[in-house]
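# Secondary and tertiary structure notes
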Amino acid sequence: MKVEILNAIDEEFVMCPEAFGGPLTIEEVNQAEDELKVKLPEDYKEFLLKYGSGAVGEAIVLGLKEAEFVATPSFVEKSLHFRKVLPKGYENFTAIGIDGAGNPIGFISPKTEIITFDFNFGGKEIIAESFEEYLEKAFREELYVQF
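This write-up is about the structure you can find in this document. (Residues numbered from 1 in each chain as written. Predicted model: local features only at pLDDT ≥ 70, side-chain atom pairs only at ≥ 80, totals over all residues. Heavy atoms only, no water.)

## Observations concerning the pairing of strand β3 (residues 93–98)
The condition is simple: Partly exposed residues are those whose accessible area sits between 20% and 50% of the maximum for their type, while under 20% is buried and over 50% is exposed, using a 1.4 Å probe and protein chains only. Think of it this way: any DSSP run of H or I at least four residues long counts as a helix, any run of E at least two long counts as a strand, and we number them from the N terminus. We call two strands paired when DSSP finds no fewer than two bridges between them.
Where burial is concerned, most of β3 is hidden: five out of the six residues are buried. With five bridges joining them, β3 and strand β4 (residues 104–108) adopt antiparallel strand pairing. The partner of Ile98 across the bridge, within β4, is Pro104. As consecutive antiparallel partners, β3 and β4 are separated by five residues, and within that stretch Gly102 has a phi angle of approximately 90 degrees, a positive value.

This is the structure in C-alpha cells:
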C-alpha cells in the first residue's frame, strides 16, 4: 500500500486505537483464506496484518477481531452469511464492510475491485478498483456509502 495511506491510518490509530481491532498473524489470515476458499488481495492482507479491522476515514473495515469503539464483526462470518443470501455469481464474495442499510461491501475473488450490492435495487456497483483505492476514497469522503 502507498506510504501516504499507511501514514494516514497510523494517524487515526494514534488518535483512537480503540477504533481498531488489532493486528492479525499471518496464520490467522491464512486460516481465513482457507475457510473462505479465496486468496485475499495483498493490500487487504496488509491492512489485516497491521490493523486487523477498524474505522478508516468514512469507512468501517471488517477484520477478525472486534474493535472496542466500532462494530467490526468477523469478515469471515459476514462473508459466509452474504454468500447464502446474494444471488448466483457471488459464491466467492468476501465482505470487507457493511453499509448502514445492511448492504455488503467487498470483492468477488479472484477480482479485487470493491463493490457494494444493494438489496433494494438488486444490483452491484463498483466503488473502487482496489482496496487501496477504497481506503483513499474513504479518507477523501468520496465513497458515497452511508455507514
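The rest of the description comes next.
## Topic: the sheet that holds β3
In plain terms, the rule: Working convention: axes come from line fits to C-alpha atoms, limited for helices to the stretch in contact. Angles between N-to-C directions cover 0 to 180 degrees. Residue contacts are counted whenever heavy atoms from the two residues lie within 4.5 Å of one another.
Strand order in the open sheet formed by four strands is β3-β4-β5-β6, with antiparallel pairing between adjacent strands. Whereas interior strands pair on both sides, the edge strands pair on one side only; in this sheet they are β3 and β6 (123–128). Ignoring which end each strand starts from, the neighbouring axes of this sheet average 35 degrees apart. Where β4 meets strand β5 (residues 114–118), two bridges bridge the pair, whose relative direction is antiparallel. Among the inter-strand pairings, Gly106 is bridged to a residue of β5, identified as Ile115. The strands that helix α5 (residues 131–140) touches are β3, β4, β5 and β6; relative to β6, the one it contacts most, it runs at about 80 degrees.

## Concerning helix α1 (residues 3–15)
Note: α-helices contain 3.6 residues per turn, so residues at a spacing of three or four share the same orientation. The condition that has to hold: In a helix, the anticipated span is given by 1.5 Å times the number of residues less one. Arc definition: it is the arc formed by the directions from the helix axis to the C-beta atoms.
Across its 13 residues, α1 extends 18 Å between first and last C-alpha, which sits within 8% of the 18 Å expected from 1.5 Å per residue. Ile5, Leu6, Ile9 and Glu12 are the residues of α1 that are buried. Down the axis of α1, the smallest arc covering the buried residues is 120 degrees, so these residues share one side. For α1, the exposed residues lying more than 90 degrees away from the buried face are Val3, Glu4, Glu11, Val14 and Met15. Residues of α1 that are buried make contact with α3 (42–50), β1 (54–56) and α5.

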